[in-house]
Amino acid sequence: MQGFCKGKVIYFVNVYSSCDIVKKRQMWAELTNLKANLPIGEWCIGGDFNAIKRRSERKGLRAQYSSTKMSEFAEFIGEMELLDLPGFGNKYTWFNSAGDSMSRLDRFLVSEGLVDAWGLKGQSIEARSISDHCPISLQANLLNWGPKPFKFFSAWTTHPNFYSLVEDVWSVPIAHGRSMFRFKEKLKILKSRLKVWNREVFGFHDLQVDLAFNELCQSDLLCATENATYIASSAVQTNRHNAEAQVWSNLQICESLIKQKSRCRWLKEGDKNSKFFHSYMKARFRRNNIVGLQAGDAVVSDVASVKQVAVEHFKERFQEPLPNRPVPDGIPFNTLSAEDNCGLEAPFSL
């Protein structure tokens, strides 16, 4: 089925795959050829694939696993450039009549553009009724979870003003409180200053790359119009070298930021694979995204309920188990004298 949404072509496909691997391969090949021959658009394929991607998607006394079949199914998903969004609710989508075998056979596979356009966060696997399959629905995440946590980026250290900013903030004394309290307050002030500095001084690297590219192009045009006696030490050549250095510097910073956000450690910076890093970063975000929490027999997904369940969970873990906890009052402990105490903080040298 073909549809349109916000100017985009969207292809919806409902599948019911055979259990026979030969027929599965035939269906996968037909879908791959169908996508190759249709105009460019977003895809959403859903239904019973009768296949699993990993061993954790199947459980039971007579469970059978085939590494070849699982890898072929994963290759089909990759070739179609589709995403298998994380599921929440039930872990499995199919149960046999005896209840001793279960698998995740049903799922939605969607293109990355559709995930971004609709704000999809995952697949909700609901409780089944008389059917041996569970109903599944796509869930969008358009909720405001509050302020984002602070994150330190390694690329900040490449800026010439970074260390001086940290030294200026750290040199401001905190008059009151113990050492750990003063340390915490300095970190709090530094975090606030770094956020402003990142937004006003360090940020907008994509814009800086475009400006540097424009400057480089202008320098190339000036170099092209110079006469044959043009020498390398001229102001035009100097500006060109400076613009080229700015282009590469900002490109490396952008790549470093994307790489750190993706947390892909097995590739070295310099591979220049921004599309891969973007996909890896989005996949990690979807994998770590909390789409709902189990609260007793129910699953809550709205912001207020999720926050309340999280608070109650940790409150239960960290509450005082003993109402009448013994205290060390009246026990004579050995103490340090005032002179010994000052000696612990006295400066020393090796």
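Residues numbered from 1 in each chain as written. Predicted model: local features only at pLDDT ≥ 70, side-chain atom pairs only at ≥ 80, totals over all residues. Heavy atoms only, no water.

## Notes on the nonpolar core
Nonpolar side chains tend to gather and get buried jointly when the protein is soluble and globular. Among the nonpolar cores identified, the biggest contains 17 residues, and Ile-45, Phe-49 and Phe-76 are the most heavily contacted of them. Elements represented by at least two residues in this core include exactly strand 2 (8-16), helix 1 (21-37), strand 3 (42-48) and helix 2 (67-79). With 4 residues, helix 1 is the largest single contributor of residues to this core. Those residues within four positions of Phe-49 in sequence are excluded, and the remaining contacts are Val-15, Ser-17, Lys-24, Met-27, Phe-73, Phe-76, Leu-105, Arg-107 and Leu-109. (Core = buried A, V, L, I, M, F, W, Y, C linked by side-chain atoms within 4.5 Å. Buried < 20%, exposed > 50% of the residue type's maximum accessible area, 1.4 Å probe, protein only. Helix = DSSP H or I, 4+ residues; strand = E, 2+ residues; numbered from the N terminus. Contact = heavy atoms within 4.5 Å.)

## As for helix 2
In an α-helix, one turn spans 3.6 residues, which is why side chains three or four residues apart end up on the same side. The terminal C-alpha atoms of helix 2, which comprises 13 residues, lie 18 Å apart, in line with the 18 Å expected from a rise of 1.5 Å per residue. Within the sequence span of helix 2, burial applies to Met-70, Glu-72, Phe-73, Phe-76 and Ile-77. All buried residues of helix 2 project into a common sector of 165° when viewed along the axis, lining one side. Across helix 2 from its buried face, at more than 90 degrees, point the exposed residues Ser-67, Glu-75 and Glu-79. (Expected span 1.5 Å × (residues − 1). Arc of directions from axis to C-beta.)

## A short note on the sheet that holds strand 7 (residues 94-95)
The antiparallel open sheet is built from 3 strands, whose spatial order is 4-8-7. Edge strands, defined here as strands with exactly one partner in the open sheet, are strand 4 (58-60) and strand 7. As paired strands, strand 7 and strand 8 (residues 101-103) are joined by 2 bridges and run antiparallel to one another. Its bridge partner lying in strand 8, Trp-94 is registered against Ser-103. (Pairing = 2+ DSSP bridges.)

## Some words on the packing of helix 1 against helix 2
In a packed pair of helices, the relevant descriptors are the angle between the two axes and the axis-to-axis distance. Remark: helix 1 packs on helix 2, axes separated minimally by 10 Å, with the N-to-C direction vectors making an angle of 10°. Comparing the axis directions of helix 1 and helix 2 gives the class roughly parallel. Residues Ile-21, Arg-25, Trp-28, Leu-31 and Thr-32 of helix 1 form the contact with helix 2, whose own contacting residues are Lys-69, Glu-72, Phe-73, Phe-76 and Glu-79. Residues of the contact of helix 1 with helix 2, tallied by class, amount to 5 nonpolar, 1 polar and 4 charged. (Axes fitted to C-alpha atoms, helices over the stretch in contact; angles between N-to-C directions. Parallel < 35°, antiparallel > 145°, perpendicular 65-115°, else oblique. Nonpolar A, V, L, I, M, F, W, Y, C, P; charged D, E, K, R; others polar.)

## Remarks on unusual backbone geometry
Although it is not a glycine, Asn-50 adopts a positive phi angle of roughly 50°. Relative to the elements of secondary structure, Asn-50 occurs in the loop between strand 3 and strand 4. Residue class for Asn-50 comes out buried when judged on its relative accessible area of 13%. Even without being glycine, Glu-81 reaches a positive phi, approximately 60°. Tracing the backbone through its elements, the reader meets Glu-81 in the loop between helix 2 and strand 5 (82-83). We classify Glu-81 as exposed; its relative accessible area is 55%.

## Remarks on the pattern of salt bridges
Any two side chains of opposite charge can pair, so long as their charged atoms come close to each other. A full pass over the atoms with the stated rule returns 10 salt bridges. Put simply, Arg-104 and Glu-57 hold a salt bridge, and the shortest N to O gap is 3.7 Å. Placement of the pair is Arg-104 in the loop between strand 8 and strand 9 (106-111) and Glu-57 in the loop between strand 3 and strand 4, with a sequence separation of 47 residues. Glu-57 matches Arg-104 in its accessibility class, with the two residues each being buried. Here Glu-57 and Arg-107 are joined by a salt bridge, their closest N and O atoms 2.9 Å apart. Of this pair, Glu-57 sits in the loop between strand 3 and strand 4 while Arg-107 sits in strand 9, and the two are 50 residues apart along the sequence. Each member of the pair, Glu-57 as well as Arg-107, carries the same accessibility label: buried. One continuous salt-bridge network, built from bridges that share partners, spans Lys-53, Arg-54, Glu-57, Asp-84, Arg-104 and Arg-107. (Salt bridge = Lys/Arg side-chain N within 4 Å of Asp/Glu carboxyl O.)

## Describing the sheet that holds strand 1 (residues 2-5)
Strand order in the open sheet formed by 5 strands is 1-2-3-9-5, with mixed pairing between adjacent strands. Every interior strand has two partners, whereas the edge strands, strand 1 and strand 5, have only one. By the bridge criterion, 7 bridges tie strand 2 to strand 3 in an arrangement that is parallel. Within strand 3, the position partnered with Val-15 by the bridge is Gly-47.

## Overview of the pairing of strand 10 (residues 120-125)
Every other side chain in a regular strand lies on the same face of the sheet, so the side chains alternate between the two faces. Taken across its 6 residues, strand 10 has 6 buried, putting it largely inside the fold. Where strand 6 (residues 87-89) and strand 10 come together, 3 bridges link them in parallel fashion. Of the residues in strand 10, the one forming a bridge with Gly-89 is Ile-125. Relative to strand 11 (residues 136-140), strand 10 is paired through 5 bridges, and the arrangement is antiparallel.

## Digging into the confidence of the model for the chain
Confidence in the prediction for the chain averages 78 pLDDT; 73% of positions are at 70 or higher. Overall, residues 228-233 carries pLDDT values under 50, and its contacts beyond four positions in sequence, including any with other chains, amount to 5 contacts. Low pLDDT, under 50, characterises residues 264-272; the predicted model gives this stretch 18 contacts beyond four residues in sequence or across chains. (pLDDT = per-residue confidence, 0-100.)

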